[in-house]
Amino acid sequence: MVTPADGRDPGSPTRRRATGSARTYPRPSREDLAAAAERTIPDVVAPGLDVLFVGINPGLWSAATGWHFARPGNRFWPALHRGGFTPRLLHPSEQDELPEYGLGISNMVARASARADELTPAELVEGARILAGKVARYRPRWVAVVGVTAYRIGFARPKAAFGPQPEPLAGARLWVLPNPSGLNAHFTPETLGAAFGELRAAVAAG
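Here goes a summary of the coordinates provided. (Residues numbered from 1 in each chain as written. Predicted model: local features only at pLDDT ≥ 70, side-chain atom pairs only at ≥ 80, totals over all residues. Heavy atoms only, no water.)

1. Describing the overall build of the protein chain
Broken down by element type, the protein chain carries six helices and seven strands. Across the protein chain, helices and strands are ordered from the amino to the carboxyl terminus as β-β-α-β-α-α-β-α-β-α-β-β-α. A burial count over the protein chain gives 48% of its 206 residues as buried. For the protein chain, contacts bridging at least 24 residues in sequence account for 69% of all contacts bridging at least 6. (Helix = DSSP H or I, 4+ residues; strand = E, 2+ residues; numbered from the N terminus. Buried < 20%, exposed > 50% of the residue type's maximum accessible area, 1.4 Å probe, protein only. Contact = heavy atoms within 4.5 Å.)

So, in structure tokens, the structure goes:
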């Protein structure tokens, strides 16, 4: 199990650097979070990535900070590290380092909301169409959708399960991962890390 040296959640406003120094990030206020609804944030993307991770949509913490999977308690960044994609645990503010590791982040739906279940099926279907165009443009080797329900709705695959999918997306291979939200009680940090590790093994195998 890999945890920060001070035991903090990696999504918390403070993280400990490898040098031992600590940096504090301001927490968005209630007003900041309320104002963040409906905002969009830029993708972290570059041509020819190994994996483009696709979240459902930005949460209010992400929209307020500009960082993907930024809400304290979200387990995306620990799972990325546990799964072997990054050599150390990254803070959400370090998201622009991901392309150095052949990784990127986008979303099925661009607009931010307090909860993913506020999205309509029509938004997810349209988001899947937009995502296909993005994949055709940037040509990642793999696309990993982080959330099976959003994938089932957006891509009209009601019986899709976690793991590799039989159909490609604009030439990229598809994989579905569990939602790393802290609200997803079906997965622990350890089992999420294992799920990410399965994808990492497939990517490494070519």
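So, next bit.
2. Looking at helix H4 (residues 121-138)
A rise of 1.5 Å per residue sets the reference length of H4, with its 18 residues, at 26 Å; its end C-alpha atoms lie 26 Å apart and thus fit the reference within 8%. Of the residues making up H4, those classed as buried are Leu124, Gly127, Ala128, Leu131, Val135 and Tyr138. Mapping the buried residues of H4 onto a view down its axis gives an arc of 105°, with all of them on the same face. Exposed side of H4, more than 90 degrees from the buried face: Ala122, Arg129 and Arg137 are the residues found there. Along its buried surface, H4 packs onto strand E3 (51-55), strand E5 (142-146) and helix H5 (148-154). Phi turns positive, to about 55°, at Arg139, one or two residues after H4. (Expected span 1.5 Å × (residues − 1). Arc of directions from axis to C-beta.)

3. Thoughts on the nonpolar core
By size, the foremost hydrophobic cluster in this structure holds 24 residues, and its most contacted members are Val51, Phe53, Leu80, Leu177 and Leu199. Elements supplying a minimum of two residues to this core: E3, helix H3 (76-82), strand E4 (103-107), E5, strand E7 (173-177) and helix H6 (189-204). If you tally residues by element for this core, the top one is H6, at five residues. Each residue touching Leu199, except ones within four places of it in the same chain, is listed here: Val51, Phe53, Phe85, Trp142, Ala144, Trp175 and Leu177. Leu131, Val143, Tyr151 and Leu169 belong to the second largest nonpolar core, which has 22 residues in total. (Core = buried A, V, L, I, M, F, W, Y, C linked by side-chain atoms within 4.5 Å.)

4. Concerning the environment of Asn74
Assignment of secondary structure puts Asn74 in the loop between helix H2 (60-65) and H3. A residue is classified by how much of its surface remains accessible, and Asn74, at 14% relative accessible area, is buried. A C-alpha to C-alpha distance of 9.9 Å links Asn74 and Pro189, two positions 115 residues apart in sequence. Among all residues touching Asn74, those that are not within four sequence positions of it are Phe69, Pro180, Ser181 and Gly182. At a separation of 2.9 Å, a polar atom in the side chain of Asn74 contacts the main-chain amide nitrogen of Phe76. (Polar contact = N/O pair within 3.5 Å; in protein donor to acceptor, adjacent residues only side chain to side chain.)

5. A few points about the pairing of E4
Burial within E4 is extensive, with five of its five residues counted as buried. Of the two faces of E4, the one carrying Leu103, Ile105 and Asn107 and the one carrying Gly104 and Ser106 are both buried. As paired elements, E3 and E4 share five bridges and run parallel to each other. What sits directly across from Gly55, in E4, is Asn107. (Pairing = 2+ DSSP bridges.)

6. Looking at the layout of surface pockets
In this structure, the largest pocket encloses a volume near 1,000 Å³. Lining the largest pocket are 41 residues, and of these Ile56, Arg115, Ala116, Asn179 and Ser181 sit closest to its centre. Secondary structure elements with two or more residues in the lining of the largest pocket: H2, H4 and H5. For the lining of the largest pocket, the element with the highest residue contribution is H5, accounting for four residues. (1 Å grid on protein atoms, 1.4 Å probe; cavity = no way out; pocket = protein on both sides within 12 Å on 5 of 7 lines; lining within 4 Å. Points joined across faces, edges and corners; volume = space filled by probe spheres on them.)

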